[in-house]
Amino acid sequence: MVQEFFFWVLAVTSVMAALGVVGVQDIFRAALLLVLAFLSVAGLFILLNAEFLAVVQVLIYVGAISVLIIFAVLLTRDVEQGNPSNRLRLPAFVGAGLLFLMLTSAIVRTSWPEIPSESLARAEEVFATTPQWLAGLLLREWALPFEAASVLLLAAVLGAVVLIRERQP
Amino acid sequence: MTLERFLILSAVLFAIGLYGVLTKRNAITILMSLEVMFNAVNVAAVAMSRYIAPAALRADPSATGDSVVQMLLTGQVFAMFIIAVAAAEVALGLAIVIAVYRYRETVDITQVNLMRR
């Protein structure tokens, strides 16, 4: 019952904040609403027994990515021009709406294989202690993608530095 | 119903983000809408990992070994990699936006047409 209540609160908050990101005229406010959307998604992760991911979400999205975006908003002077749309407004709305209808009908029609009742107790046990299982998974089964992700981040940081650096005359 | 409502919420967020990516002219807003889409995908991945049984568990419901049960968390691992890739993407994307702004004094992507001329 409590979970039900929090789900609806978080769902409405995240959808409203996402609509604000797309619709608000002031880009700086849009960036702040994006922070709100990230926070409510972190709450949804907690509802889904993914506490570690919720903390990662707060640290990386709320802490790092939004600060980066706000810095970019402040560094560019286009803020005064507001948040204009291009001429594709109607086709984009129809396209996004159609995609949403397709996804929803697929979600509703599929019969999802739920966790069998014999192993439900074990599954609950796993979901109560996700961080240690995730550590095992990341450093054993997914060790290679894990290292690839670290190389990717290093390359991205180097690329960003090279792109932003002042050109020598 | 519990899984479906998380997936439908994810679909709503994804559609909003897609609309923003397609219509906005400010490159920074496009990146922000892209982040909303990434978050929608993450919600879907984590909800699937919470509610759906992996094939190995369906074939043999009594299996409770570590390797089988760890598959329950595959969605969360996917979400973690998506977050890492999103961080790299936003760092590079904003670097490109700043570089373009320095060169053209604008972040309006309809004005950036160097490749067309």
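A quick note: this is a predicted structure, and the numbers were derived from the prediction, not measured.

Calculation notes
Residues numbered from 1 in each chain as written. Chains lettered and ligands numbered in written order. Predicted model: local features only at pLDDT ≥ 70, side-chain atom pairs only at ≥ 80, totals over all residues. Heavy atoms only, no water. Core = buried A, V, L, I, M, F, W, Y, C linked by side-chain atoms within 4.5 Å. Buried < 20%, exposed > 50% of the residue type's maximum accessible area, 1.4 Å probe, protein only. Helix = DSSP H or I, 4+ residues; strand = E, 2+ residues; numbered from the N terminus. Contact = heavy atoms within 4.5 Å. Lys, Arg positive; Asp, Glu negative; His and termini not counted. Salt bridge = Lys/Arg side-chain N within 4 Å of Asp/Glu carboxyl O. Phe/Tyr/Trp six-rings, centres within 6.5 Å; stacked < 30°, edge-to-face > 60°. Lys NZ or Arg CZ within 6 Å of the ring centre and 35° of its normal. Buried area = accessible area lost by both parts, 1.4 Å probe. Polar contact = N/O pair within 3.5 Å; in protein donor to acceptor, adjacent residues only side chain to side chain. Patch = residues over 30% accessible without salt bridge, like charges linked within 9 Å, V, L, I, M, F, W, Y side chains within 5 Å. Areas by Shrake-Rupley, 256 points an atom, 1.4 Å probe, with all protein chains shown as cover. Axes fitted to C-alpha atoms, helices over the stretch in contact; angles between N-to-C directions. Parallel < 35°, antiparallel > 145°, perpendicular 65-115°, else oblique. Nonpolar A, V, L, I, M, F, W, Y, C, P; charged D, E, K, R; others polar. pLDDT = per-residue confidence, 0-100.

Quick question: what am I supposed to make of the nonpolar core here?
In a soluble, globular protein the nonpolar side chains are often hidden away together inside. In terms of nonpolar packing, the biggest core is built from 82 residues, with Leu44(A), Phe45(A), Leu53(A), Ile69(A), Phe6(B), Ile28(B) and Met32(B) touching the most fellow members. The element that contributes the greatest number of residues to this core is helix α5 (residues 74-104) of chain B, accounting for 13 residues. What Phe45(A) contacts, discounting residues up to four positions off in sequence, is Ala50(A), Leu53(A), Ala54(A), Gln57(A), Asn42(B), Val43(B) and Val46(B).

Would you explain the side chain of Glu35(B) in this entry?
Following the sequence through the fold, Glu35(B) ends up in helix α2 (residues 27-51). Although Glu35(B) lies buried, it forms no salt bridge, and the closest oppositely charged side chain, Lys24(B), sits 17 Å away as judged by the N-O distance. Setting aside chain neighbours within four positions, we find Glu35(B) in contact with Phe38(A), Tyr61(A), Ile65(A), Ile69(A), Ala86(B), Glu89(B) and Val90(B).

Sorry if this is basic, but what is going on with the packing of aromatic side chains here?
Note on aromatic pairs: each is described by the distance of the centres and the angle between the planes. Summed over the entire model, instances satisfying the criterion amount to eight aromatic pairs over all chains. When the ring of Phe7(A) is compared with that of Trp8(A), the centres are 5.1 Å apart and the planes differ by 75°; the resulting orientation is edge-to-face. Since its relative accessible area comes to 46%, Trp8(A) is described here as partly exposed. Cluster of aromatic residues (ring-pair linked, three or more members): Phe7(A), Trp8(A), Phe6(B) and Tyr51(B). The ring of Phe127(A) carries the charged tip of Arg50(B) above its face, separated from the ring centre by 4.5 Å.

Looking at this structure, how should I read the interface of chain A and chain B?
Interfaces are often described in size by the accessible area the parts lose on coming together. With 85 residues of chain A in contact, the opposing surface of chain B contributes 75 residues. Of all residues in chain A, Val22(A), Leu48(A) and Trp112(A) give up the largest surface area on contact with chain B, accounting jointly for 9% of the area buried on that side. Note that Glu4(A) is salt-bridged to Arg5(B), the shortest N-O span being 3.0 Å. Connecting chain A to chain B are five residue pairs in polar contact (both at pLDDT 80 or more). Sorting the residues of the side of chain A that touches chain B by element identifies α1 (2-23), α2 (27-47), α3 (51-75), α4 (89-109), α5 (120-128), α6 (130-141) and α7 (143-164) of chain A as the ones contributing at least two each. If you tally residues by element for the side of chain A that touches chain B, the top one is α3(A), at twelve residues.

In this structure, what is going on with a nonpolar patch on the surface? I would like to understand it.
A cluster of nonpolar side chains, Met1(A), Val2(A), Phe5(A), Phe6(A) and Val9(A), forms an exposed patch at the surface whose accessible area comes to about 570 Å². With respect to the helices and strands, Phe6(A) occurs in helix α1.

Got a minute to help me understand the side chain of Thr106(B) in this structure?
Along the chain, the position of Thr106(B) falls in the segment after α5. A distance of 3.0 Å separates the side chain of Thr106(B) from the backbone nitrogen of Asp108(B), its partner in a polar contact.

Just to check I follow, could you spell out the packing of α2(A) against α2(B) for this structure?
Between two packed helices, what matters for the description is the angle formed by their axes and the separation of those axes. Following both chains from N to C, one finds α2(A) and α2(B) inclined at 5°, their axes separated by 11 Å at the closest point. As judged from the angle between their axes, α2(A) and α2(B) are roughly parallel. Facing Ile27(A), Ala30(A), Ala31(A), Leu34(A), Phe38(A), Val41(A), Leu44(A) and Phe45(A) of α2(A), the residues of α2(B) in contact are Thr29(B), Met32(B), Glu35(B), Val36(B), Asn39(B), Asn42(B), Val43(B) and Val46(B). Here the residues of the contact of α2(A) with α2(B) are counted per class, giving twelve nonpolar, three polar and one charged.

Any chance you could explain the confidence of the model for chain B here in plain terms?
Regions with low pLDDT should not have their predicted coordinates read in detail. Of the residues in chain B, 92% reach a pLDDT of 70 or more, and the chain-wide mean stands at 86. Here the prediction assigns the complex a pTM of 0.90, and the interface score ipTM is 0.90.

What exactly am I supposed to notice about the packing of α6(A) against α5(B) here?
Between α6(A) and α5(B), the shortest axis-to-axis distance is 10 Å and the interhelical angle comes to 70°. One element, α6(A), and the other, α5(B), form an angle in the roughly perpendicular class. Here α6(A) contributes Thr130(A), Leu134(A), Leu137(A) and Leu138(A) to the contact with α5(B), which in turn contributes Gln76(B), Val77(B), Met80(B) and Phe81(B). For the contact of α6(A) with α5(B), the class distribution of residues is six nonpolar, two polar and no charged.

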